[in-house]
Amino acid sequence: MQKFLLALFFFAIFASFAGLAIRNWRTRADLQSAGFSAPAEELALASSPWAKVSAQYVATTVFGEPLNRVNAYGLGIRGKASISLHESGIAIDRKGERSLAIALASLDSFEFAQATIDRVVERDGLLQINWNHEQNRFSTFLRVSRLSDRKTLETTLQTLAIRKAKK
């Protein structure tokens with residue numbers, strides 16, 4: 001009987017902590033969503049993609065704060081994604097989550113990083129796309145594991161950056 005009561009006690013503690021974590025996640029998402037509207041899910045003028053690669057969506061953070069995850073609008077949830085680069089910007093189609101589209105006008109820069117929030121990889125193993133939305137700056141982190149896909153993505157992003165600079 002004592003083992004059962006002890007197990008029940010620890011289960012209650014675990015359930016309390018899980019409930020607090022879920023409540024804090026939702027509260028944070030609600031506070032963040034009050035600061036900006038939902039980012040676009042599709043590019044307005046999407047032509048056929050210049051390049052398309054598979055990647056893992058790691059997270060979106062506040063620019064310059066790689067430990068400050070953006071939870072609003074589902075941007076804090078990691079998962080598989082398909083990245084399409086178009087003349088008009090970047091489309092990130094996430095499996096099971098809301099897609100994210102970064103228009104060329106919103107694209108700020110890109111670079112490679114080693115760590116963000118809960119992910120540490122080899123040097124320059126994460127692609128960090130810096131972008132603007134309303135008055136906010138964000139960084140979206142992607143993990144591209146295939147070297148050929150990574151090179152394609154980097155080359156196409158450089159082309160997009162040059163294209164934006166000319167406008």
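Residue numbers restart at each chain and count upward from 1, following the sequence in its written direction. Since the coordinates come from a predicted model, pLDDT governs what is reported: local features require at least 70, and pairs of side-chain atoms require 80 or more to be given and counted, while whole-chain, interface and lining totals use all residues. To get the side-chain values, all heavy atoms of the structure are used, and hydrogens and water are removed first.

**What to know about unusual backbone geometry**
In this structure, Tyr73 is a non-glycine residue whose phi angle is positive, near 60°. Backbone geometry at Glu134 places phi at a positive 55°, although glycine is not the residue there. Numbering of helices and strands runs from the N terminus; a helix is a DSSP stretch of H or I covering at least four residues, while a strand is a stretch of E covering at least two. Within the secondary structure layout, Glu134 lies in the loop between strand S9 (126-133) and strand S10 (136-143). When its relative accessible area of 44% is taken as the criterion, Glu134 is described as partly exposed. Each residue's exposure class comes from its accessible area (1.4 Å probe, protein chains only) as a fraction of the maximum for that residue type: buried when under 20%, exposed when over 50%, partly exposed otherwise.

**Topic: the pairing of S10**
By the criterion of burial, S10 is predominantly enclosed, with 6 of the 8 residues buried. When DSSP finds two or more bridges between a pair of strands, those strands are recorded as paired. Two strands pair when backbone bridges link them, and strand S1 (residues 51-62) and S10 are joined in this way by 6 bridges, in the antiparallel orientation. Looking at S10, one finds that Val62 is bridged to Phe138. Bridge analysis of S9 against S10 gives 8 bridges, and the strand direction is antiparallel. By the bridge assignment for S10, Ile129 is matched with Thr140.

**Some details on helix H2 (residues 147-166)**
Here the expected span of a helix is defined as 1.5 Å times the quantity of residues minus one. For H2, with 20 residues, the first-to-last C-alpha span of 29 Å sits near the 28 Å given by 1.5 Å per residue. Along H2, the residues that are buried comprise Asp149, Arg150, Leu153, Thr156, Leu157 and Leu160. In an axial view of H2, the angular spread of the buried residues amounts to 140°, which keeps them on one side of the axis. Among the exposed residues of H2, those pointing more than 90 degrees away from its buried face are Leu147, Lys151, Ile162, Ala165 and Lys166. Those residues of H2 that are buried lie in contact with S1, strand S3 (79-86), strand S4 (89-94), strand S6 (107-113) and S9. Directions are taken from the helix axis to each C-beta atom, and the arc is the one they span. Here, residues are in contact when the closest pair of their heavy atoms is within 4.5 Å.

**Things to note about a nonpolar patch on the surface**
Nonpolar side chains (Val, Leu, Ile, Met, Phe, Trp, Tyr) within 5 Å and like charges within 9 Å form the patches, drawn only from residues with over 30% relative accessible area and no salt bridge. Here, Shrake-Rupley sampling with a 1.4 Å probe gives the accessible areas, and only protein chains in the shown set may cover a residue. Salt bridges, as used here, are contacts in which a Lys or Arg side-chain nitrogen is within 4 Å of a carboxyl oxygen on Asp or Glu. A surface patch of nonpolar side chains, about 750 Å² in accessible area, is lined by Met1, Phe4, Leu5, Leu8, Phe11 and Phe14. Turning to its location among the elements, Leu8 is positioned in helix H1 (residues 2-33).

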